[in-house]
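# Structural features, examined
Listed here are the chains, written in short residue letters.
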Amino acid sequence: MTSPTHHPASSDRPANAIPTPQAPPPDILRCAYMEIVVTDLAASRAFYHDVLGLVITEEDEDAIYLRSFEEFIHHNLVLRKGPVAAVAAFSYRVRSPEDLDRAVAFFEELGCRVERRAEGFTKGIGDSVRVEDPLGFPYEFFYDVEHVERLAWRYDLYTPGALVRLDHFNQVTPDVPKAVAYVEDLGFRVTEDIRDSEGTVYAAWMRRKPTVHDTAMTGGDGPRMHHVAFATHEKHNILSICDKLGALRLSNHIERGPGRHGVSNAFYLYLRDPDGHRVEIYTQDYYTGDPDNPVVTWDVHDNQRRDWWGNPVVPSWYTEASLVLDLDGNPQPLVARTDDSEMAVTIGADGFSYTREGQEGEDEDMPSWKQGEYKLGHQL
Ligand SMILES: [Fe+2]
């Protein structure tokens, strides 16, 4: 397999796909906000507001509502105090109030638990639908929302690492093709994926807005939340966040990066918040809005797929993720992935990666120093 390949979208619907509802899906505009449960509200406020500079729209004793600089809706992130760190909602904005009726019909036909609240589930947002989706994730849909000041022109308030938009979610789920078929039924389109020559799918990136993704499906034990991503304007803003974390002696929050992704072509940095929730800082992916936008498929053994410069991925990035909650607030049980894991096939004694595929005698296997400290079983 030459990596990556650029090809037309194809619907290779798996045999175990969740049946497509007769009811049409809601018209989803974009990922809009995530509600996460944190165990120490003050510590999370210090991380997301004091360090990362997200703007506080509103706060009380139980929750903090934050937004990015270019946002005009009430919030992009809700930090809610609770006993177990987990995710309470992946929330999408829909095009019209009628799309909430469509969401109810779509998910009821799928046999999912559905709850609609005219007054909303959070401050700043009106009529909303929450569901336990077929993969076990708490998905929310809303249209009605309180508008707040868009701070895009308030350069007097910007910091060097200003977060300007919510960009995407990333979900961990055991069966990626099954997840992709369901999310395609919900109206999403695949932009990129990671596969092997035997047909195993390791991850897929899916969009509604015309960027690389609104959410990604990452293969692993799930349902879990892998990360939530905020965008900066430029690469240097991400470097400034690293510098600030170093200056504050908070570099322990940096899990992976900064670097350039192969998938998405974006510049990235992965952080862990005080509860271990993973946050990506992301910038400069590409436009995907044409109907015939080519799908980019990466070979799982291409060591530039996750990092364009070939830097190794730390094992925690593959193995750790946040629990998600059902609509009663209880953690969803995990289902184990049975397909091969990306970490197992790409690093360690059983795995391999390449930089230049198919050149005989050269670089067929990664040099030991490139696998470095992350080679399983070879830690110092
Ligand atoms: Fe991401």
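Since we're looking at a predicted model, the values are computed, not measured.

The rules behind the values
Residues numbered from 1 in each chain as written. Predicted model: local features only at pLDDT ≥ 70, side-chain atom pairs only at ≥ 80, totals over all residues. Heavy atoms only, no water. Donors = N, O, S within 2.8 Å, 3.2 Å for Na, K, Ca; no water. Helix = DSSP H or I, 4+ residues; strand = E, 2+ residues; numbered from the N terminus. Buried < 20%, exposed > 50% of the residue type's maximum accessible area, 1.4 Å probe, protein only. Core = buried A, V, L, I, M, F, W, Y, C linked by side-chain atoms within 4.5 Å. Contact = heavy atoms within 4.5 Å. Pairing = 2+ DSSP bridges. Salt bridge = Lys/Arg side-chain N within 4 Å of Asp/Glu carboxyl O. Phe/Tyr/Trp six-rings, centres within 6.5 Å; stacked < 30°, edge-to-face > 60°. Lys NZ or Arg CZ within 6 Å of the ring centre and 35° of its normal.

In this structure, His168 (NE2), His227 (NE2) and Glu280 (OE) serve as the protein donors to the iron ion, at separations of 2.0 to 2.1 Å. Every donor residue of the iron ion comes from the same chain, spaced as H-x58-H-x52-E. Within this pair, whereas His168 is found in strand β10 (residues 165–173), its partner His227 is found in strand β14 (residues 224–231), the two being separated by 59 residues in sequence. Note on accessibility: His168 and His227 belong to one class, buried.

Turning to the nonpolar core, a few remarks are in order. In terms of nonpolar packing, the biggest core is built from 62 residues, with Tyr48, Tyr139 and Phe141 touching the most fellow members. Residues in contact with Tyr48, not counting those within four places in the same chain, are Ile36, Gly53, Leu54, Leu66, Leu77, Leu79, Asp273, His277 and Val279. Ala203, Trp205, Ala229 and Val296 belong to the second-largest nonpolar core, a separate cluster that totals 14 residues.

The sheet contact formed by strand β2 (residues 28–38) and strand β5 (residues 77–81) spans five bridges and is parallel. When the sheet's bridge partners are listed, Val38 is paired in β5 with Lys81.

We now examine the pattern of salt bridges. For the structure shown, the criterion picks out 28 salt bridges. Where Arg13 meets Asp185, a salt bridge forms, and the shortest distance between an N and an O atom there is 3.0 Å. Linking Arg13 in the loop between β1 (5–7) and β2 with Asp185 in helix α3 (residues 176–185), this pair joins segments that are 172 residues apart in sequence. A residue is classified by how much of its surface remains accessible, and Arg13, at 39% relative accessible area, is partly exposed. Ionic pairing is found between Asp328 and Arg113, a salt bridge with its closest N-O pair at 3.0 Å. Placement of the pair is Asp328 in the loop between β19 (322–324) and α6 (342–346) and Arg113 in strand β7 (residues 113–117), with a sequence separation of 215 residues.

Counting buried positions along strand β16 (residues 267–272) yields six of six residues, so the element is predominantly enclosed. The side-chain alternation of β16 yields two buried faces, one formed by Phe267, Leu269 and Leu271 and the other by Tyr268, Tyr270 and Arg272. Relative to β16, strand β15 (residues 254–260) runs antiparallel, the two being bridged by four bridges. Each residue of the ladder has a partner; that of Ile254, found in β16, is Leu271. The turn linking β15 back onto β16 is made up of six residues, and Ser264 within it adopts a positive phi angle of 80°.

Under the defined criterion, the tally for this structure stands at 20 aromatic pairs. Pairing Phe90 with Tyr139 gives two aromatic rings, centres 6.0 Å apart and planes at 45°, and the pair type is tilted. Taken together, the residues Phe90 in strand β6 (residues 86–94) and Tyr139 in strand β9 (residues 138–142) connect sequence positions 49 residues apart. Chaining the aromatic ring pairs together yields one cluster made of Phe90, Tyr92, Phe106, Phe107, Phe137, Tyr139, Phe141, Phe169, Tyr182 and Phe188. One residue, Arg93, lies across the ring of Tyr143, its end atom 4.6 Å from the ring centre. In this structure, Arg256 packs its charged tip against the face of Trp317, placed 4.7 Å from the ring centre.

Note that every value here comes from positions in space, so none of it alone points to a role or purpose.
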